[in-house]
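# Close look at the chain arrangement
Next come the chains, spelled out residue by residue.
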Amino acid sequence: MSVTITVNGTDHALDVDPATPLLYVLRDDLELNGAKYGCGLGQCGACTVHIDGKPAFSCLTPVGAVAGRRIRTVEGLGSAEAPGLLQQAFEKEQAAQCGYCIAGMIMRAQALLDQVPDPDDAQIRAHMQTNLCRCGTHMRILRAVRRAVALRKGVQSAQEVRP
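An account of the accompanying structure is given in this report. Computed from a predicted model, the values in this text were never measured in an experiment.

### Quick notes on the pairing of strand S1 (residues 2-7)
The two faces of S1 differ: Val3, Ile5 and Val7 on one face are buried, but Ser2, Thr4 and Thr6 on the other face are not. The hairpin turn running from S1 into strand S2 (residues 10-15), its antiparallel successor, is 2 residues long, and Asn8 in that turn takes a positive phi close to 55 degrees. For S1 and strand S5 (residues 70-72), the ladder comprises 2 bridges, and the chain directions are parallel. Counterpart to Val7 in the pairing with S5 is Ile71.

What follows is the structure in structure tokens.
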């Protein structure tokens, strides 16, 4: 069956079973490998993408359910040559240890920053708690989100974004 989805602003007509998880379509058919398979149960957040601006677990979302909706992946935020603001902040704070969770973390954080331009620590923590990092870099991730907020405001000093 044919399903048309819009990913990072580009329409893709795909011949897939509508029940196929969006994660599999992104990785296998569109070769967008940022979202990772973590648990397959929506409990870790490694597969987080945006659907119509809201974070969603792509491992649980059937591709047929996103036809006509806007999907954004970490690849839609920037590239290695031109990283987005949040990607830059995660790099500066060395928020990735193994890196497996980072794309999902960035997408979850981006959804927060798209809705709340200047979140406080409690808002960041509450929003990010859905995504897991088994390496324990949560404090670096928190600093990276704060850094992105500061960079957006024009604050350049890393000292100004540290606790």
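From this point, the discussion proceeds with the structure in view.
### A few points about the nonpolar core
Counting 24 residues, the largest nonpolar core has Leu86, Phe90, Met105, Ile106 and Ile141 as its most contacted members. Elements with a contribution of two residues or more to this core: helix H2 (85-92), helix H3 (102-115), helix H4 (121-128) and helix H5 (138-153). The greatest single-element share of this core, amounting to 8 residues, is contributed by H3. In terms of nonpolar packing, the next biggest core, distinct from the first, is built from 21 residues, Ile5, Leu26, Leu32 and Val63 among them.

### Considerations on the sheet that holds S1
With mixed pairing, the 5 strands of this open sheet are ordered in space as S2-S1-S5-S3-S4. Since the sheet does not close on itself, it has two edges, and those belong to S2 and strand S4 (54-57), each with one partner. This sheet shows a mean twist of 40 degrees between the axes of neighbouring strands, independent of strand direction. Inspection of the sheet shows S1 paired to S2 by 6 bridges, in the antiparallel sense. Opposite Thr4, over in S2, you have Ala13 as the bridge partner.

### Thoughts on the environment of Leu132
Following the sequence through the fold, Leu132 ends up in the loop between H4 and H5. Sequence separation between Leu132 and Gly104 is 28 residues, and the spatial gap between their C-alpha atoms is 9.1 Å. Setting aside chain neighbours within four positions, we find Leu132 in contact with Gln43, Cys44, Cys101, Met105 and His138.

Scoring rules and cut-offs
- Residues numbered from 1 in each chain as written.
- Predicted model: local features only at pLDDT ≥ 70, side-chain atom pairs only at ≥ 80, totals over all residues.
- Heavy atoms only, no water.
- Buried < 20%, exposed > 50% of the residue type's maximum accessible area, 1.4 Å probe, protein only.
- Helix = DSSP H or I, 4+ residues; strand = E, 2+ residues; numbered from the N terminus.
- Pairing = 2+ DSSP bridges.
- Core = buried A, V, L, I, M, F, W, Y, C linked by side-chain atoms within 4.5 Å.
- Axes fitted to C-alpha atoms, helices over the stretch in contact; angles between N-to-C directions.
- Contact = heavy atoms within 4.5 Å.

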